[in-house]
Amino acid sequence: MKRRTYLNHRLILKVLAALVGVTGVSMLMAVAVGFFYKDSGTMPLLESALICIAASGFLRIVTGRRTRGQQDFQRREGFITVTFSWIIVSAFGALPFILHGCIPSYTDAFFEAMSGFTTTGATILNDVESLPKSLLFWRSLTHWMGGIGIVVFCLAILPIMGIGGSQLFAAEATGPTKDKIHPRIAGTAKRLCLIYISLTVAQMILLLFGGLDLFDAVCHSFSTIATGGFSTKNDSVMSFSPYLQYVCLIFMILAGVNFSLYYFAIMRKFERIKENTEIRFYLAYIIFGALVLGFLLNTFIKDSALEANFRHAGFMLVSVLTTTGFVSTDYSAWIPSAQFILFITLFVGACAGSTTGGIKISRHAILFKNMVMAFRQLIHPRAIFLLRFNGRDVPHEIIVRTLAFFFLYITVFIFGSVIVSVCGYDIITAMSVVASSLDNAGPAFGQICATCSYAEFTPFVKWFLSFLMLIGRLELFTVLVIFAPAFWKR
């Protein structure tokens with residue numbers, strides 16, 4: 001069959017309509033929380049939900065029941081739909097904050113929503129605890145929806161609409177390679193969602209055992225498994241007991257693992273886990289980094305106990321590595337060398353196929369192995385070496401794409417840092433907020449310390465950082481490719 005060359009606008013709008021509808025239905029969960037606590041966020045959330053559902057219905061009427069052409073996405077439509085899906089759900093997700101009045105500026109409300117859905121965790125709120133519980137729940141829910149990927153989440157319902165989602169999955173899934181755990185994309189999405197829900201429930205139960213109330217346990221479980229970082233407390237998790245911090249630490253590590261490995265474990269395909277190179281690099285970085293940080297803190301910070309120093313060292317390293325963004329201590333008071341380790345960790349990221357942001361361990365592992373192979377090639381110029389990753393040979397195309405991604409990531413970081421610094425902010429602040437937004441991490445340095453918000457930035461910088469959150473969440477190419485003139489040619 002001849003491949004079509006036109007853009008199927010109706011098909012794109014049809015999926016966006018479904019996503020807006022899912023956003024509206026999700027708001028009803030927060031409405032239920034508002035009714036239970038009888039707080040002031042109930043009506044704004046209900047009004048926002050009705051607006052979303054009405055907008056979704058209108059788009060469905062406009063697109064009609066049937067869409068002309070093939071009922072599957074081509075690559076261009078996949079990139080366009082995934083990019084605009086995050087923009088449109090953030091635009092509608094900001095409505096409860098505006099209608100309630102807790103965030104009167106739409107710029108700030110959009111920033112908060114984009115930060116939530118992209119699981120960045122950066123906030124413009126100086127007093128989070130002043131918000132009604134229903135809006136706090138909505139903030140955490142945006143994390144939970146964005147963590148598994150709104151698009152991947154909706155792939156389970158797209159077949160009902162007669163739409164195939166292979167290009168959507170390819171555009172939204174993270175990492176240099178994709179593990180297909182089921183022949184059908186919808187089957188893969190359902191299994192990933194089931195694992196996601198199971199981890200969330202498990203953490204929630206353990207937090208309840210630690211004395212946390214049900215509301216806070218649910219919200220922090222949403223934020224942890226999504227590696228988001230929104231908390232219901234002004235000091236994040238600083239006031240949590242050591243037990244609660246350890247629970248969050250363990251589940252941040254679990255959330256940073258490729259979800260495909262959980263499926264392989266359930267199916268008893270342990271050889272697939274054993275041959276996974278990325279998980280070994282991931283755990284090695286955590287162990288080595290936590291030991292180094294713990295040693296530095298224990299050597300130079302004498303007023304804390306040994307256990308507390310190593311707990312905070314491990315917690316903050318994992319929080320930044322997995323791009324969760326929870327804060328267990330005021331890291332701005334740490335010595336510069338310890339802060340520098342956290343800053344470098346912003347550029348690492350956890351495993352591909354997880355809910356985390358960043359460059360990803362897999363790309364660093366491929367680059368490291370490629371560097372070693374280059375040295376070996378210099379020593380033995382006539383020998384033929386193959387780069388192996390996860391027990392398989394890595395095609396040259398993957399190596400080239402990994403190098404291109406790394407170069408583009410650093411280029412965007414440098415360009416973004418210059419833009420923010422030109423707007424009047426010191427270079428440390430500019431570099432850290434750009435790295436944090438691009439990495440979807442949240443915490444930053446300089447003027448944005450462990451307990452500060454992004455409220456002081458100008459509207460332009462907030463829109464720019466929101467854009468960085470978007471391209472960071474979708475791994476640069478998915479968004480930036482639509483700016484290429486060749487993308488729009490037939």
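Residues numbered from 1 in each chain as written. Predicted model: local features only at pLDDT ≥ 70, side-chain atom pairs only at ≥ 80, totals over all residues. Heavy atoms only, no water.

### Comments concerning the overall build of the protein chain
And then number 1: A tally of helices and strands in the protein chain yields 21 helices and 2 strands.
And then number 2: Looking at the protein chain as a whole, 58% of its 490 residues are labelled buried.
And then number 3: Of the contacts formed within the protein chain by residues at least 6 apart in sequence, a portion of 72% connects residues at least 24 apart.
And then number 4: Per element, the accessible surface of the protein chain, about 20700 Å² overall, is 69% carbon and sulfur. (Helix = DSSP H or I, 4+ residues; strand = E, 2+ residues; numbered from the N terminus. Buried < 20%, exposed > 50% of the residue type's maximum accessible area, 1.4 Å probe, protein only. Contact = heavy atoms within 4.5 Å. Areas by Shrake-Rupley, 256 points an atom, 1.4 Å probe, with all protein chains shown as cover.)

### Remarks on the pattern of salt bridges
And then number 1: Evaluated as defined, the whole model comprises 9 salt bridges.
And then number 2: Among the salt bridges present, the one from Arg139 reaches Glu112, with a minimum N-O distance of 3.0 Å. Of the two residues, Arg139 sits in helix H6 (residues 133-148) while Glu112 sits in helix H5 (residues 106-117), which places them 27 residues apart along the sequence.
And then number 3: By relative accessible area, Arg139 is classed as buried at 2%.
And then number 4: In this structure Glu112 comes out as buried when scored by relative accessible area, which is 1%. (Salt bridge = Lys/Arg side-chain N within 4 Å of Asp/Glu carboxyl O.)

### Some thoughts on the environment of Ala113
And then number 1: Secondary-structure assignment places Ala113 in helix H5.
And then number 2: When the C-alpha atoms of Ala113 and Trp86 are compared, they prove to be 9.9 Å apart, with 27 residues separating the residues in sequence.

### Notes on helix H10 (residues 214-225)
And then number 1: Its 12 residues place the ends of H10 16 Å apart at the C-alpha level, agreeing with the 16 Å of an ideal helix rising 1.5 Å per residue.
And then number 2: A large share of H10 lies buried, amounting to 11 of its 12 residues.
And then number 3: When we look at burial in H10, the residues that qualify are Phe215, Asp216, Ala217, Val218, Cys219, His220, Ser221, Phe222, Ser223, Thr224 and Ile225.
And then number 4: Phi for Thr227, located one or two positions after H10, is positive at around 50°. (Expected span 1.5 Å × (residues − 1).)

### Quick notes on a nonpolar patch on the surface
And then number 1: Residues Phe281, Phe368, Met371, Val372, Phe375, Leu378 and Ile379 make up a contiguous nonpolar surface patch of roughly 710 Å² in combined accessible area.
And then number 2: In terms of residue count, the dominant contributor to the nonpolar patch is helix H17 (residues 361-379) (6 residues).
And then number 3: Using a relative accessible area of 43% as the deciding quantity, one classes Phe368 as partly exposed. (Patch = residues over 30% accessible without salt bridge, like charges linked within 9 Å, V, L, I, M, F, W, Y side chains within 5 Å.)

### Section: the packing of helix H14 (residues 277-300) against helix H16 (residues 336-345)
And then number 1: Between H14 and H16, the shortest axis-to-axis distance is 9 Å and the interhelical angle comes to 160°. In terms of axis orientation, H14 runs roughly antiparallel to H16. You can see that H14 and H16 cross each other, and the crossing is left-handed. On H16, the residues that touch Tyr285, Val292, Leu293, Leu296 and Leu297 of H14 are Ser337, Ala338, Ile341, Leu342 and Thr345.
And then number 2: Split by residue class, the contact of H14 with H16 holds 8 nonpolar, 2 polar and no charged. (Axes fitted to C-alpha atoms, helices over the stretch in contact; angles between N-to-C directions. Parallel < 35°, antiparallel > 145°, perpendicular 65-115°, else oblique. Left-handed = near helix turned anticlockwise from the far one by under 90°. Nonpolar A, V, L, I, M, F, W, Y, C, P; charged D, E, K, R; others polar.)

### Here we look at the confidence of the model for the protein chain
And then number 1: Confidence in the prediction of the protein chain, expressed as mean pLDDT, is 86, and 88% of residues score 70 or more.
And then number 2: Confidence drops under pLDDT 50 across residues 159-165; counting only partners more than four residues distant or on other chains, this segment forms 18 contacts. (pLDDT = per-residue confidence, 0-100.)

### What to know about unusual backbone geometry
And then number 1: With phi around 60°, Thr119 is a residue other than glycine that occupies positive phi space.
And then number 2: Relative to the helices and strands, Thr119 resides in the loop between H5 and H6.

### Regarding the environment of Val257
And then number 1: Mapped onto the secondary structure, Val257 falls in the loop between helix H11 (242-255) and helix H12 (259-266).
And then number 2: Of the residues examined, Val257 reaches a relative accessible area of 10% and is grouped as buried.
And then number 3: Sequence separation between Val257 and Glu278 is 21 residues, and the spatial gap between their C-alpha atoms is 9.0 Å.
And then number 4: Excluding anything up to four places from it in sequence, Val257 contacts Tyr262, Ile279, Tyr282, Cys351, Gly353 and Ser354.

### Describing the packing of aromatic side chains
And then number 1: Scanning all chains against the criterion turns up 23 aromatic pairs.
And then number 2: Judged by centre distance (5.0 Å) and plane angle (85°), the ring pair of Phe36 and Tyr37 falls under edge-to-face.
And then number 3: Judged by its relative accessible area of 62%, Phe36 is exposed.
And then number 4: Here Phe259 and Tyr262 contribute two aromatic rings whose centre-to-centre distance is 5.8 Å and whose plane-to-plane angle is 85°, an arrangement assigned as edge-to-face. Of this pair, Phe259 and Tyr262 both sit in helix H12, 3 residues apart, which is roughly one turn of that helix.
And then number 5: Judged by relative accessible area, Phe259 falls into the buried class, the value being 2%. (Phe/Tyr/Trp six-rings, centres within 6.5 Å; stacked < 30°, edge-to-face > 60°.)

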